[in-house]
Amino acid sequence: MNDTGHDRTERELREALEALADGVRAAPDAYRTARGEWLRRERRRRLVLAVLIAVVFTLATLIGLWVLNQSPANPGVIFSGADGTVGHASLPRPQP
């Protein structure tokens, strides 16, 4: 009896949905309108993404250039020798 009730419920639900679907009528140009709106959103999304990528790339480049420009004019402690040897400025140099 449970299967019969289940089958009856399924049949009634199918009939109700078919009746509802029969009453729905799409506008003649609904597909074209929906597709046009979707394409506009897609173009806008791609444009926003391209602008965002350009802004991030520009900011990264500018920050990198600024950091490189902040290096001191005089040589640091590590490279203190005129011949490019590695040493510390406060340590005495070995005599050759």
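Everything below is about the structure printed above this text.
Residues numbered from 1 in each chain as written. Predicted model: local features only at pLDDT ≥ 70, side-chain atom pairs only at ≥ 80, totals over all residues. Heavy atoms only, no water.

Participant: Can you explain the overall build of the protein chain? Please cite residues and give values.
Facilitator: Scanning the protein chain from N- to C-terminus turns up two helices and zero strands. Looking at the protein chain as a whole, 3% of its 96 residues are labelled buried. (Helix = DSSP H or I, 4+ residues; strand = E, 2+ residues; numbered from the N terminus. Buried < 20%, exposed > 50% of the residue type's maximum accessible area, 1.4 Å probe, protein only.)

Participant: An account of the pattern of salt bridges is needed here, citing residue identities and associated values.
Facilitator: Oppositely charged side chains are able to pair whenever their charged atoms sit close together. Per the stated rule, a full pass over the model turns up five salt bridges. The closest approach of N and O atoms between Arg14 and Glu10, which form a salt bridge, is 3.1 Å. Taken as a pair, Arg14 and Glu10 lie in helix H1 (residues 2-22) at a separation of four residues, close to a single helical turn. On the accessibility criterion, Glu10 (38% relative accessible area) is partly exposed. Where Glu15 meets Arg11, a salt bridge forms, and the shortest distance between an N and an O atom there is 3.8 Å. Taken as a pair, Glu15 and Arg11 lie in helix H1 at a separation of four residues, close to a single helical turn. Among the residues examined, Glu15 registers a relative accessible area of 44% and is labelled partly exposed. (Salt bridge = Lys/Arg side-chain N within 4 Å of Asp/Glu carboxyl O.)

Participant: Now, about a nonpolar patch on the surface: what can you tell me, with residues and values included?
Facilitator: Side chains of Leu47, Val51, Val55, Leu59, Ile63, Trp66 and Val67 sit close together on the surface and give an oily, nonpolar patch of about 700 Å² of accessible area. Topologically, Val51 is positioned in helix H2 (residues 30-69). (Patch = residues over 30% accessible without salt bridge, like charges linked within 9 Å, V, L, I, M, F, W, Y side chains within 5 Å. Areas by Shrake-Rupley, 256 points an atom, 1.4 Å probe, with all protein chains shown as cover.)

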